[in-house]
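The lines below spell out each chain.
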Amino acid sequence: MECKNCELRQRQYYCANCLKNHLRDFRLQTHHFSSDKVEHIARASRAFKSIEPGRLLRAKIARADHSLDQLADDHAKVRRDCESKRDRLRTLRETLAQRRRTLNAARLLPPQSQTLAKESQELSVLSQTIARARSGLVQELVEVFHVVESGGRPAVGGRPGARGEWTIGGLVLPVPGDVRRYPPDHINAVITYTIHFLGLLTFYLGIKLPFEISWSCRRLGVGMPWIGAGRGSESWAKWTAKHPLHLTSNPPSTPSSPSSSPSRTPLTSLADSEAPEQGPAHSQNQSFTTGLAMLLYNVCYLAHTQGVDIPLSQAGDALSNLWAVCCSGELGRRSHSTVPLLLPPTPASFTLDFAQVLQATAASPARAARIRPGRSAQEPGIGRTRSERIVEEEDGWDVVELGGEDGFG
């Protein structure tokens, strides 16, 4: 019902009789539903008792199926393990059979010492064959470049003999002290011949030289030789700068001194005009004398590899030393390319120091030219072994060093 004052719906009110009627109806309904519940429970109990044996049977069947599936999985796993072990056993049997065959074959072979001796003998024969082939190539190379000694005289009647001059391609290669006696074109030509001869000789013998030679083609398309140290950890390896192995004649830029001859023309190295691709400051330090010393050092090292020892006093006679290499009994037996291998340049057994060769090469040629008869050839100016006095020509060439202190003065 609704209140007339607040117009809100309020709880209905019943009288005592109505409440009794309602309670009676609820009791009747409750009793009816309680009877139905008891009856349904009884029916369910009777039905459950009837299906209990079948439910238990189905549960047992389900457990048996689960056990059977688990047994099948275990059986498959065991089968896979057996297959893998069977494969491993087959592999082991094959390996064992192979080892047995190898052992039987090894028993049929000669002893190891005989095998090693046979291989060593074959290697020795191969080395001798290679040495003979190299020797033949070197002999042909000497004939092609026509490396000979001209002049000189033998020892007659107790009179000591004198050595002649070594030539290559018909041109004399002077010792460092005599370079000023020859024109620059002659020096350039004979050094070029020597470089080509040395390059082919080292190629045939398989030798790696300490100083590497490169060529520049900046003058009328003609290659000009340069030389510098290759890779190494020895003392000579610090001379990495390229030095020229060629000369050029330039007209003097200043008036000549009164004591000099009018016909004397200075010689300069091509370091400031024909240098390889290097900076100007580095080009000014190039030195023909240093390059010549590097070339002589290469010849001495090549001689050492072929069993020829060249003393410092003989280092300047490049062609004579190369001839000794070509006539060596150990020619072609040791190499950097084939067995027996040589150590990288330069081993401790090669005692010649490049600084000594450079110092001797850079000595004054005037002092070297005034060697008296019977005097030691180890004075400044390496490679002079002739006992007779060498007279300088008045119209010779002066060698002027532009790039450094080491050189001909």
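A. Molecular detail of the overall build of the chain. Counting secondary structure elements, the chain contains eight helices and nine strands. Looking at the chain as a whole, 34% of its 409 residues qualify as buried. Relative to all contacts within the chain whose residues are 6 or more apart in sequence, the contacts with residues 24 or more apart total 64%. Approximately 26000 Å² of the chain is accessible, and the part contributed by carbon and sulfur atoms is 56%.

B. Quick look at the packing of aromatic side chains. Summed over all chains, the structure comprises ten aromatic pairs. With a centroid separation of 6.0 Å and 55° between ring planes, the pair formed by phenylalanine 203 and tyrosine 204 is classed as tilted. Seen from their ring centres, phenylalanine 211 and phenylalanine 354 are 4.9 Å apart, and the 45° between their planes marks the pair as tilted. Of this pair, phenylalanine 211 sits in strand β4 (residues 211-219) while phenylalanine 354 sits in helix α7 (residues 354-361), and the two are 143 residues apart along the sequence. Judged on exposure class, the residue phenylalanine 211 and its partner phenylalanine 354 are both buried.

C. Inspection of the packing of helix α5 (residues 288-305) against helix α6 (residues 318-326) at higher detail. Contact geometry for α5 and α6: axes closest at 9 Å, N-to-C directions at 20°. In terms of orientation, α5 lies roughly parallel with respect to α6. The two elements α5 and α6 cross, and the hand of that crossing is left-handed. Two secondary-structure elements touch here, α5 through Leu296, Val299, Leu302 and Ala303 and α6 through Ala318, Asn321, Leu322 and Val325. Counted by class, the contact of α5 with α6 contains seven nonpolar, one polar and no charged residues.

D. Broad picture of the side chain of asparagine 321. With respect to the helices and strands, the residue asparagine 321 is situated in helix α6. Given the relative accessible area of 4%, asparagine 321 is considered buried. Once residues within four sequence positions are removed from consideration, asparagine 321 is found in contact with Val299, Ile310, Gln314 and Ala315.

E. Molecular detail of a nonpolar patch on the surface. A cluster of nonpolar side chains, contributed by Leu123, Leu126, Val339 and Leu341, occupies part of the molecular surface with about 380 Å² of accessible area. Along the chain, leucine 123 falls in helix α2 (residues 112-145). Leucine 123 gets classed as partly exposed once you look at its relative accessible area, which sits at 41%.

F. Up close: helix α1 (residues 16-108). Over its 93 residues, α1 runs 129 Å from end to end, which matches the ideal 138 Å to within 8%, given 1.5 Å per residue. Remark: the principal bend of α1, roughly 45°, maps to isoleucine 51, with a proline, proline 53, within the next four residues.

G. Fine view of the pairing of strand β2 (residues 165-168). Where strand β1 (residues 148-150) lies against β2, three bridges are found, and the strand directions are antiparallel. Along β2, the bridge assignment pairs glutamate 149 with tryptophan 166. Pairing between β2 and strand β3 (residues 171-172): two bridges, direction antiparallel. Bridge assignment links threonine 167 to a residue of β3, and that residue is valine 172. Where β2 folds back onto β3 in an antiparallel hairpin, the turn is made up of two residues, including glycine 169, whose phi is positive at roughly 65°.

H. View of empty space enclosed by the protein. The final tally for this structure, using the stated rule, is three cavities of 30 Å³ or more. Its boundaries defined by the atoms lining it, the second largest cavity holds a volume of some 90 Å³. At the level of secondary structure, the elements contributing two or more residues to the lining of the second largest cavity comprise α3 (184-205) and α5. The residue makeup of the lining of the second largest cavity, split by class, is nine nonpolar, two polar and no charged.

The rules behind each value
Residues numbered from 1 in each chain as written. Predicted model: local features only at pLDDT ≥ 70, side-chain atom pairs only at ≥ 80, totals over all residues. Heavy atoms only, no water. Helix = DSSP H or I, 4+ residues; strand = E, 2+ residues; numbered from the N terminus. Buried < 20%, exposed > 50% of the residue type's maximum accessible area, 1.4 Å probe, protein only. Contact = heavy atoms within 4.5 Å. Areas by Shrake-Rupley, 256 points an atom, 1.4 Å probe, with all protein chains shown as cover. Phe/Tyr/Trp six-rings, centres within 6.5 Å; stacked < 30°, edge-to-face > 60°. Axes fitted to C-alpha atoms, helices over the stretch in contact; angles between N-to-C directions. Parallel < 35°, antiparallel > 145°, perpendicular 65-115°, else oblique. Left-handed = near helix turned anticlockwise from the far one by under 90°. Nonpolar A, V, L, I, M, F, W, Y, C, P; charged D, E, K, R; others polar. Patch = residues over 30% accessible without salt bridge, like charges linked within 9 Å, V, L, I, M, F, W, Y side chains within 5 Å. Salt bridge = Lys/Arg side-chain N within 4 Å of Asp/Glu carboxyl O. Expected span 1.5 Å × (residues − 1). Bend = angle between axes of the 7 residues up to and from the residue. Pairing = 2+ DSSP bridges. 1 Å grid on protein atoms, 1.4 Å probe; cavity = no way out; pocket = protein on both sides within 12 Å on 5 of 7 lines; lining within 4 Å. Points joined across faces, edges and corners; volume = space filled by probe spheres on them.

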